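Okay, here's what each chain looks like letter by letter:
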Amino acid sequence: MPLFILGLAMVGQLGRHYKHCPWFTVGRLGGMLGEYGGVSDRQYGKMGCDANERAMKFLGDFMTESVEVLEKLANQQEPPVRRRELEKIRDAFEDPKSDKEALRGQLAGMVTAFEGRGDVGEWDLEILDRIDQCFEEHFTSEGTAESWVFMPDDDRNLGRYAKYCGEVDRILLTYSDAVPKYARDYFAFYSIWEVQGYAFPMPLGTSKVVSVLAQLLERYQPGVIEVSCLLMKLM
Amino acid sequence: MIEVSNYSDNATTKGCLLGVYLNIGKLEGPGELAMLRYLSRNQQKSTFKATDEEKLVEVVDELTDLLKVDRGRVRDLEDEDELEVLYPKFCQGVERRPSH
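Treat the numbers as computed from the prediction; the structure is a model and nothing was measured. (Residues numbered from 1 in each chain as written. Chains lettered and ligands numbered in written order. Predicted model: local features only at pLDDT ≥ 70, side-chain atom pairs only at ≥ 80, totals over all residues.)

Regarding the environment of Tyr186(A)
Residue and element names in this part refer to chain A.
(1) Moving on: Mapped onto the elements, Tyr186 comes out in helix 10 (residues 183-190).
(2) Moving on: With 27 C-beta atoms counted inside 10 Å, the residue Tyr186 sits in the buried group.
(3) Moving on: Each residue touching Tyr186, except ones within four places of it in the same chain, is listed here: Lys72, Leu73, Asn75, Pro79 and Phe114. (Helix = DSSP H or I, 4+ residues; strand = E, 2+ residues; numbered from the N terminus. Buried ≥ 20, exposed ≤ 12 C-beta atoms within 10 Å, placed from the backbone. Contact = placed C-beta atoms within 7 Å.)

What follows is the structure, given as structure tokens:
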């Protein structure tokens, strides 16, 4: 199944926000669509898949997940824990001495609530663009990703992520009439990346984040092959 | 040239093709949207044919429309992880695309 195509169709729900992205061009995607659009018998993850296929699967998964997160942030159900409390818990997670299990226990209700979803169409594309600019300001330099983006245990990454979260929250507050009702609360929960299953801070998957991931996959493609093949042998 | 008063499911769309004013009616499904996109392409004047970029966007738009139809019913299939079951129309749309 062409997961990359699924990812493209998922981000397609948010129209120009992704389609005006630098990677959304025929040069980059046309060949992929031509090749994968009609392919049904080649499967990703099999040994022998080339690096490009693996990179496309990875990127497709990320795009799908990014839109799903935006749907979760648009959930219309009132969250059981509100923003201020969530931000305190997020700060507590950064304290090495804190009891992580106890903190996770406090978030049990939010984990369940975060399974709910709203309509991704509720997101104003200009607000997504502003959030995207925040990512660009904090995680890139001259259009290129900083070397520490998506790096675990990197103080620069952690520091910039804290600023990014503050900026995103400010945007959601400033344009509160134009964002989903509980977006600030659910974003505060999402920003506790340790609870979301990530090994490092993960900004919202807006268009430049996808661009950066595409750049990194291109740059480190041999690495993706080696790691993927090794993992497949272990599975 | 095509005019879209409000590009939503209930929008009334009017198109002008070869000087004939068309009233497509309500955009209620992928069929109507596909018709809108077809009409919005100028296939008569070689200088104004859709660019490759526009065709790419068109392919993604068509698949996105099919995905939206599938996602309307996907909430009843929480335990399902087969994409062909979750998104049947989308998968059929992908299958129909010619292989290069």
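Structural notes on the confidence of the model for chain B
The predicted coordinates ought not to be read in detail in places where the model reports low pLDDT.
Residues and elements named next belong to chain B.
(1) Moving on: Within chain B, residue pLDDT values average 64, and 41% of them lie at 70 or more.
(2) Moving on: By mean pLDDT, strand 2 (residues 12-17) is the weakest element of chain B at 39, and helix 4 (residues 88-96) is the strongest at 86.
(3) Moving on: Confidence over residues 1-27 falls short of pLDDT 50; this stretch has 38 contacts with residues more than four positions distant or in other chains.
(4) Moving on: Across the interfaces of the predicted complex, the ipTM metric reaches 0.72, alongside a pTM of 0.78. (pLDDT = per-residue confidence, 0-100.)

Quick notes on the confidence of the model for chain A
Residue and element names in this part refer to chain A.
(1) Moving on: Residues with a pLDDT of 70 or more make up 83% of chain A, whose mean pLDDT is 85.
(2) Moving on: Model confidence for chain A, summarised as mean pLDDT per element, is weakest for helix 12 (residues 221-234) at 52 and strongest for helix 10 at 98.
(3) Moving on: Scored below 50 in pLDDT, residues 36-48 makes 20 contacts in the model with residues more than four places away or belonging to other chains.
(4) Moving on: Within the model, pLDDT remains below 50 along residues 226-231, and this stretch shows two contacts once partners closer than five positions in the same chain are excluded.

Quick word on helix 1 (residues 3-12) of chain A
(1) Moving on: Counting buried residues along helix 1 of chain A, nine of its 10 residues qualify, which places the element largely inside the surrounding structure.
(2) Moving on: Residues of helix 1 of chain A that are buried include every one of Phe4(A), Ile5(A), Leu6(A), Gly7(A), Leu8(A), Ala9(A), Met10(A), Val11(A) and Gly12(A), and no others.

Comments concerning unusual backbone geometry
Residues and elements named next belong to chain A.
(1) Moving on: The backbone phi angle of Phe150 is positive, close to 65°, even though this residue is not glycine.
(2) Moving on: Inspection of the secondary structure assignment puts Phe150 in the loop between strand 2 (144-145) and helix 9 (155-174).
(3) Moving on: Overall, Phe150 belongs to the partly exposed group, with 19 C-beta atoms counted inside 10 Å.
(4) Moving on: Phi angles above zero are rare outside glycine, and Asp153 is one such case at about 55°.
(5) Moving on: With respect to the secondary-structure elements, Asp153 resides in the loop between strand 2 and helix 9.

Considerations on the packing of helix 8 (residues 125-139) of chain A against helix 11 (residues 207-219) of chain A
Residue and element names in this part refer to chain A.
(1) Moving on: As a packed pair, helix 8 and helix 11 sit with axes 7 Å apart at the nearest point and diverge in direction by 40°. Classified by the angle between their axes, helix 8 and helix 11 sit oblique to one another. In this structure, helix 8 contributes Asp132, Phe135 and Glu136 to the contact, and helix 11 contributes Ser207, Lys208 and Val209.
(2) Moving on: Partitioned by chemical class, the residues of the contact of helix 8 with helix 11 number two nonpolar, one polar and three charged. (Axes fitted to C-alpha atoms, helices over the stretch in contact; angles between N-to-C directions. Parallel < 35°, antiparallel > 145°, perpendicular 65-115°, else oblique. Nonpolar A, V, L, I, M, F, W, Y, C, P; charged D, E, K, R; others polar.)

Re the environment of Trp23(A)
(1) Moving on: Assignment of secondary structure puts Trp23(A) in the loop between helix 2 (16-19) and helix 3 (26-37).
(2) Moving on: Sequence separation between Trp23(A) and Leu217(A) is 194 residues; the distance between their C-alpha atoms is 12 Å.

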